[in-house]
Amino acid sequence: MRELGTRLQAIVDYVEPDRKVADVGCDHAYVSMELAEKKNCTVIAMDINEGPLKIAEENIYGERLEKKVETRLSNGLEALEPGEVDTIVIAGMGGHLITDILRDGADKLKPGMRLVLSPQSDLRLVRYSLRKQNIFIDSEKCLSEGGKWYFILNCTVGMSLPLGVPDEVAKQNMDYGAYLPEHPTAEFREFLDWEARGFEVLIKDLARQRTPAARARKGSLEKQLEMNKRLREAIGE
């Protein structure tokens, strides 16, 4: 039986029914199949590696979903035609790679298109890069699974702008986004507490070191900890 787990199920929940979806980096196509079966979506399951894609094909045929889920070997969005889908899912990879995929495939992004993103790292970079591309984060989910914290971004591609977004605008809300501080959940509060403890441990360790690099890193973490605590106090229990 196919079991998605908390993170993948949250990704599926963000996708609207009856959509045409590109599942980029589909791995074994569990999300693709769930979208086809439970959300009545037609899906293009894409991966850069032949091995996972072959397993995905076996899984799709094994569940008789080949009429609703197509597989394609693709580096990012390369194998996708403009206008072919109205929703793109990218999960299970680092933030740098996600930003590269969206930048290199900018011609495949159309105003109003939905993006569901789950970066494994470099979340600040992802938020910054999305704003630079005029992609807006409508909502976010914060959750824990397997001892790791994940954020899932539900986004909309905006209308094209005649001028680029200034850096000072793109850098707003890089650390925690705009949505969760205004709509805090128990999981987000727990994440902030976990993050603060981690900062405190690192700051104590760096205080024992005497190098200029350690002092600079300690100062940066102290600023991050202060921001964390201000937000945590503001959102309350």
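Structure shown above.
Residues numbered from 1 in each chain as written. Predicted model: local features only at pLDDT ≥ 70, side-chain atom pairs only at ≥ 80, totals over all residues. Heavy atoms only, no water.

**Q** How should I be thinking about the pairing of strand β1 (residues 20-24) in this particular structure?
**A** With four of five residues buried, β1 is to be regarded as a mostly interior element. Pairing analysis gives five bridges linking β1 to strand β2 (residues 42-47), with the strands arranged parallel. Note that in β2 the partner of K20 across the bridge is T42. In this view, the connection linking β1 to its parallel neighbour β2 by way of helix α2 (residues 30-38) has right-handed handedness. (Buried < 20%, exposed > 50% of the residue type's maximum accessible area, 1.4 Å probe, protein only. Helix = DSSP H or I, 4+ residues; strand = E, 2+ residues; numbered from the N terminus. Pairing = 2+ DSSP bridges. Right-handed = clockwise from strand over helix to strand, strands pointing away.)

**Q** Would you mind going over the pattern of salt bridges with me for this structure?
**A** Pairs may arise between side chains of opposite charge once their charged atoms sit close together. Across all of its chains, the model carries 17 salt bridges by this definition. Close ionic contact of E84 with R72 constitutes a salt bridge, the shortest N to O distance being 2.5 Å. Of this pair, E84 sits in the loop between β3 (69-73) and β4 (87-93) while R72 is found in strand β3, placing the two residues twelve residues apart along the sequence. With relative accessibility at 25%, the residue E84 sits in the partly exposed group. Of the charged contacts in the structure, one is a salt bridge between R232 and D193, with a shortest N-O distance of 2.9 Å. Within this pair, whereas R232 is found in helix α9 (residues 212-235), its partner D193 is found in helix α8 (residues 186-207), the two being separated by 39 residues in sequence. Classification of R232 as buried rests on a relative accessible area of 13%. Look at D193 and you get partly exposed, because its relative accessible area is 30%. A cluster of three or more residues bridged by salt bridges with shared partners is formed by E70, R72 and E84. (Salt bridge = Lys/Arg side-chain N within 4 Å of Asp/Glu carboxyl O.)

**Q** Quick question: what am I supposed to make of the sheet that holds β2 here?
**A** Hydrogen bonds between backbone atoms are what pair the strands of a sheet, whose relative direction is either parallel or antiparallel. Strand order in the open sheet formed by seven strands is β3-β2-β1-β4-β5-β7-β6, and the pairing between neighbours is mixed. Among the strands making up the open sheet, the edge pair consists of β3 and β6 (135-145). Direction aside, the axes of adjacent strands within the sheet are offset by 15° on average. Both β2 and β3 contribute to a ladder of five bridges, which runs parallel. Bridge assignment links D47 to a residue of β3, and that residue is L73. In the packing of helix α1 (residues 5-14) onto the sheet, the strands contacted are β4, β5 (114-119), β6 and β7 (148-157), and the crossing angle to β6 comes to about 155°. The strands that helix α4 (residues 95-104) touches are β1, β4 and β5; relative to β4, the one it contacts most, it runs at about 150°. (Axes fitted to C-alpha atoms, helices over the stretch in contact; angles between N-to-C directions. Contact = heavy atoms within 4.5 Å.)

**Q** For this particular structure, what's the right way to read the nonpolar core?
**A** As a rule of thumb, soluble globular proteins bury nonpolar side chains together. Ranked by internal contacts, the top residues of the largest apolar core, which has 34 residues, are I88, I90, L109, L115, L117 and F188. The biggest single contributor to this core is β7, with five residues. Not counting residues up to four positions away in its chain, the partners in contact with L117 are I90, I98, L102, L130, F151, I152, L153 and C155. (Core = buried A, V, L, I, M, F, W, Y, C linked by side-chain atoms within 4.5 Å.)

**Q** Can you help me understand unusual backbone geometry in this one?
**A** Among all residues except glycine, the phi angle is most often negative; among peptide bonds, the trans geometry is most common. Even without glycine at this site, D18 takes up a positive phi of about 65°. Residue A29 is not a glycine yet carries a positive backbone phi of 70°. Given a relative accessible area of 0%, A29 falls into the buried group.

**Q** Any chance you could explain the side chain of N228 here in plain terms?
**A** Checked against the element boundaries, N228 lands in helix α9. Of the polar contacts made by the side chain of N228, one reaches the backbone oxygen of L192; its length is 3.0 Å. (Polar contact = N/O pair within 3.5 Å; in protein donor to acceptor, adjacent residues only side chain to side chain.)

**Q** Which parts of the structure should I look at to understand the side chain of T99?
**A** Tracing the sequence through the fold places T99 in helix α4. Accessibility expressed as a relative area gives 10% for T99, which makes it buried. Ignoring anything within four residues of it in the chain, the contact list for T99 reads L125, V126, S129 and Q133.

**Q** Sorry, what's going on with the packing of aromatic side chains here?
**A** The way to describe two aromatic rings as a pair is by their centre distance and the angle between their planes. Taken as a whole and assessed by the stated rule, the structure comprises six aromatic pairs. Residues F151 and F191 carry aromatic rings whose centres are separated by 5.0 Å and whose planes lie at 85° to one another, so their mutual orientation is edge-to-face. Residue F151 is located in strand β7, and its partner F191 is located in helix α8; the two are separated by 40 residues in the primary sequence. The exposure classification of F151 matches that of F191, with both residues buried. Look at Y176 and F188: their rings are 6.4 Å apart centre to centre, the planes differ by 70°, and that puts the pair in the edge-to-face class. (Phe/Tyr/Trp six-rings, centres within 6.5 Å; stacked < 30°, edge-to-face > 60°.)

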